[in-house]
Structure formats: structure tokens, C-alpha cells
Amino acid sequence: MALDSASLAFVPVALPMATSTPSHASTSAPRRMGSTASVAATALAVGAVVGRGSVARRATAVKKKGVRVVEGKEVPWNLFSPKAPYKGSCVSKETITTKTALVNWETCHVIMDHGGSVPYIEGQSIGVIAPGPDKKGETPAKIRLYSIASSSPGDDESNKTVSLVVKRVVEVSGKGWCEYSNVPQGQDAEFPDAEKVYRGVCSSHICDMNAGDDVMITGPTGAEMLLPEDPEANMIFMATGTGIAPFRSHLRHLFHDKVSKGNFKGAAWLFLGVPYSESLLYDEEWKEMQAEFPDQFRYDYAVSCEEKCEKNKINGEMWVQHKMMQYSDELWELVKDPKTHVYMCGLKGMESGFAECFQERVEAEGMVYAEFLKKMKKDKRYHVEVY
Ligand code: FAD
Ligand code: NAP
């Protein structure tokens, strides 16, 4: 099999011990997971893969901290908790969108150094703890989850960094919905005349970071968005806005990283939905990938505020599912293929968007949509992370 299954599973060979100390001492000492001895012990604990049921039973019987067995593979799991986060540092932060009419136009790509102590696999998330104050005045703030936007080796392929794509939450009275305010009136430099300005606690913390700043990290966590093991699987990725994060992680694994590039034999098709052209995320990366792998990678995007679509009965704009409708025949053949996995990340409405795209097709072939979906879920080829 061409896709390196080892790179899909958690095989933390020769992980260096943490170089940075968690901010609180913890009896769970998750850094131990990085040691070779611990990995060997974990392997013994979960046993050889005899069959999914057997692995699952044994994994339940012997629980190891910092690892979860998913589909017979070990994945790193909550190595660092909110009470004992990993203290990493910001390597770089870059605004990757251009200003639009929206107050929340800014999205940042942030690279954080975890010193090799927070291994993760493609499709997982980490938590970030901002210093606060949080919504009720708590310090530090409660954790916020972020989908990881880098593949497991990290953007620099050093196995020591993790990247996020974070949208700066800004709400301003008179410019859309704004119920709360955490900036005293008249004191927001950008909106001095607004009655209320709310700036997201954690997204501001991340988007305001400078190289060298500390960042408190928890996790990793998440098993819903992992890649299939089959190197010949096909992938349809549907993203709205920062929902692109896990797909950047996947696509770099499939088409970019030295350790895994060339192993993937299937096809991947990315659909991204954003409000403006200025809001497109990693557009150049996708275009380069498409040029290098024209037979395996396709990329299409929907720009809602710039394209109309009569099929959108809600606001008449082009959303990601409406862009997909333009390729409905090809996509339907792919969706029916048992080797195809569908992934959605971003806004909640995407699940009904998928139904909008394919329900009629399903019914035209004499099937019931709910049953078709149930079967896709049972076959573990329908992956959704939306909120
Ligand atoms: P907050 O300060 O938490 O504000 C959020 C909202 O709360 C605002 O709309 C505000 O109006 C409202 N609010 C303010 N005060 C109150 C109050 N007193 N009571 C009730 N509501 C109030 N985001 C990304 O940008 N990129 C990602 O890759 C990403 N991945 C995610 C993955 C997962 C699995 C999940 C669950 C979430 C993800 N998110 C991601 C969202 C992220 O976790 C945060 O929710 C987001 O950054 C906003 O956090 P904040 O602290 O900036 O905003
Ligand atoms: P954004 O830049 O605002 O883009 C969202 C796009 O989706 C816009 O073009 C919007 O069109 C369109 N849209 C609106 N309703 C839709 C629907 N029902 N179906 C399909 N498309 C729709 O995106 P964002 O602010 O980054 O928001 C992304 C959301 O995903 C956030 O809520 C974020 O917190 C979440 N997220 C979740 C995860 C996760 O769960 N793992 C990871 C990352 C992000 P209009 O212009 O018409 O509104």
C-alpha cells in the first residue's frame, strides 16, 4: 500500500522530551508519552491489531494517558490538559486575508513552536488558553479549540511546530449583530464612535501574537476528521472560511510533505466557500498543488458576496454547496464510490448543503436519503466538524 500508514497512525518514534515546562505541575505528566519506553508500553497495552473489535475491547481495558486507539491505530490524545497546558511560543503570525467591508475580515496564519512535545496527526485540533480576562472576567480564559492547519511534520517539517488559521472575532454595533461589548465605549482605536465593540478573547490573543510570545496549548484531540488509511481513497473536502484548517493539514500530507508526498494514489477535490475574493485562504498553495498534481487534485471556490446563485433560496449567494452543484454529475459518481470520503468543516449549514446537492440524486436512484447517509456514516466515510 502506497499511503504510508505509519504516518497516519501515531508513531512517536524518538520524540524529544519537552523542552519547555508546562505551566502547572501535573501527576499525569503527559510529556512522558514522548519517551521510547512509554511508546513501547503503550504498544503492549493496546496489543497487535487483530481486528477492530478486539482492539477496541483491549483499548477499553487498558487505558493509557495521552493516547487513544482509533480504528486500530494509536493517535495522540490530550497530552496536555487545561490544568497543565504546554507552554509553547509563537514562531510567526501573518494576516492572510485583505480588508473587506466586513468588520471581521481578518484571518491569520500562526505558526507555534511545540518543541516536539505536542505531536498530532492530520485532522486533529488543539486548545489554546488565552490569558484573559474571559467573558465572565476569568483569568486565564477557558480553552478555545482550533483545528490544526499544518500536517503532522509542521509547516517547516521539523516535527516541532503546529499551525492554526484563526479568524479575528470582531463585532461592532451598527455593523451587523453585536450583543455584547468588552471594550469600553470610545476606547476601540478602530471603531471609536461605536456604542458597543466586542473583540473575541482567544482569537484576538492569537491574532495579536508576535514571534517569541508564549502560547498555552492543550491537546491534541479529535478523531472525526482523520484521513482514511486506504491510499486509493478519494476525498471531497467542503470548507467554509477557517473550516479550511483540517484540509490544509490533509492536503499537505497528501501532496506536499517529504515523508508522505507521492504515496497517495486517489483523488482529492477541495471546495472552499468565503465571502470575498480577499477572504480566500491559501489560494496560491492550492493552485500550486493543482499545477503539480492535475490528475489527483482539484480546487474550486465559491465567493458568496461576489457571485449570485439562484439555487440559494436563502440569500441568493454562491455558497460552497452551490459551487458543487455545478459539478454534480462527476461528484455524484464519486460520492457513490465506496472509496470516497466526504469531509465538511466550518459552518453548521454545510450538512444541509450536502443534502441540497445530493438528495435528489439519491432519490432518483430509488434510495432514501436518510438511509444513504446512515450507510455512509456506518462506512465511516462521512466526516463532519461544524458548529
Ligand atoms: P469569544 O470571546 O469566545 O466570543 C465568541 C462569541 O461569544 C462572540 O460572538 C460574542 O458575541 C459571544 N459572547 C460574548 N460575551 C458573551 C456572553 N457574556 N455570553 C454569551 N456569549 C457571549 N476558529 C478559528 O478561527 N479557526 C479554527 O480553525 C477553529 N477551529 C475550531 C475547531 C473546533 C472543534 C471548534 C469547536 C471551534 C473552532 N474554532 C475555530 C472556533 C474557536 O474555538 C473560537 O470559538 C473562536 O476563535 C472565537 O473565540 P474567541 O475567544 O475569540 O471569541
Ligand atoms: P467566513 O469567512 O464567514 O465564510 C463563510 C462562508 O460560508 C461565507 O461565504 C458565507 O456566505 C457562507 N455560508 C453562510 N451560510 C452558509 C451555509 N448555510 N452553507 C454554506 N455556506 C454558507 O467563515 P468563518 O467566519 O471563518 O466561519 C467558518 C465557521 O466555521 C466559523 O463558525 C468557525 O468558528 C467554524 N469552524 C469550525 C471548525 C471545526 O469545527 N473544526 C474549524 C474551523 C472553523 P454569506 O456571505 O452569504 O454569509
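Residues numbered from 1 in each chain as written. Chains lettered and ligands numbered in written order. Predicted model: local features only at pLDDT ≥ 70, side-chain atom pairs only at ≥ 80, totals over all residues. Heavy atoms only, no water.

1. Re the packing of helix α9 (residues 350-364) against helix α10 (residues 369-378)
As a reminder, the rule being used: Where helices are involved, their axes are fitted lines through C-alpha atoms of the stretch in contact, as for all axes, and angles between N-to-C directions lie from 0 to 180°. To qualify as a helix, a DSSP run of H or I must reach at least 4 residues; to qualify as a strand, a run of E must reach at least 2; elements of each kind are numbered from the N terminus. By the definition adopted for this analysis, an angle is roughly parallel if under 35 degrees, roughly antiparallel if over 145, roughly perpendicular if from 65 to 115, and oblique otherwise. We call a crossing left-handed when the near helix sits turned anticlockwise from the far one by less than a right angle, and right-handed when that turn is clockwise. We call two residues contacting when some pair of their heavy atoms lies within 4.5 Å. Classes in brief: Ala, Val, Leu, Ile, Met, Phe, Trp, Tyr, Cys and Pro nonpolar; Asp, Glu, Lys and Arg charged; the others, Gly included, polar.
Their axes nearest at 9 Å, the elements α9 and α10 cross at an angle of 110 degrees. By the angle between their directions, the pair α9 and α10 is classed as roughly perpendicular. Once α9 is placed against α10, the crossing between them reads as right-handed. Counting all contacts with α9, which are made through F354, A355, F358, Q359, V362 and E363, the residues of α10 involved are Y369, F372, L373 and M376. In terms of residue class, the contact of α9 with α10 is built from eight nonpolar, one polar and one charged.

2. Observations concerning the site of ligand 2
Where we set the bar: We call a residue near a molecule or strand as soon as one heavy atom of that residue lies within 4 Å of the molecule or strand. Any pair of N or O atoms that falls within 3.5 Å is considered a polar contact. Within protein, one atom must be able to donate a hydrogen and the other to accept it, and sequence-neighbouring residues count only if both atoms are side-chain atoms. Throughout, the Shrake-Rupley method with a 1.4 Å probe supplies accessible areas, and for residues the shown protein chains are the sole cover considered.
In the region of ligand 2, 22 residues are neighbours, and K167, S304, E317, E385 and Y387 sit closest. Here an oxygen atom of ligand 2 and a backbone polar atom of V274 are 3.1 Å apart. S304 has a polar side-chain atom sitting 2.7 Å from an oxygen atom of ligand 2. When isolated, ligand 2 has an accessible area of 940 Å², and the protein chains bury 78% of it. Of all the secondary structure elements, the ones that give two or more residues to the shell around ligand 2 are β12 (268-274), β14 (340-346) and β15 (382-386).

3. So, the sheet that holds β14
Threshold: A strand pair is defined by DSSP finding two or more bridges across the two strands.
Taking strand neighbours across the sheet as the criterion, the five strands line up as β13-β12-β11-β14-β15 in an open arrangement whose pairing is parallel. Looking at the sheet topology across the chains shown, the edges are occupied by β13 (297-303) and β15. Each strand of the sheet is rotated relative to its neighbour by a mean of 10 degrees, with strand direction disregarded. In the sheet, β12 pairs with β13 via seven bridges, with the strands oriented parallel.

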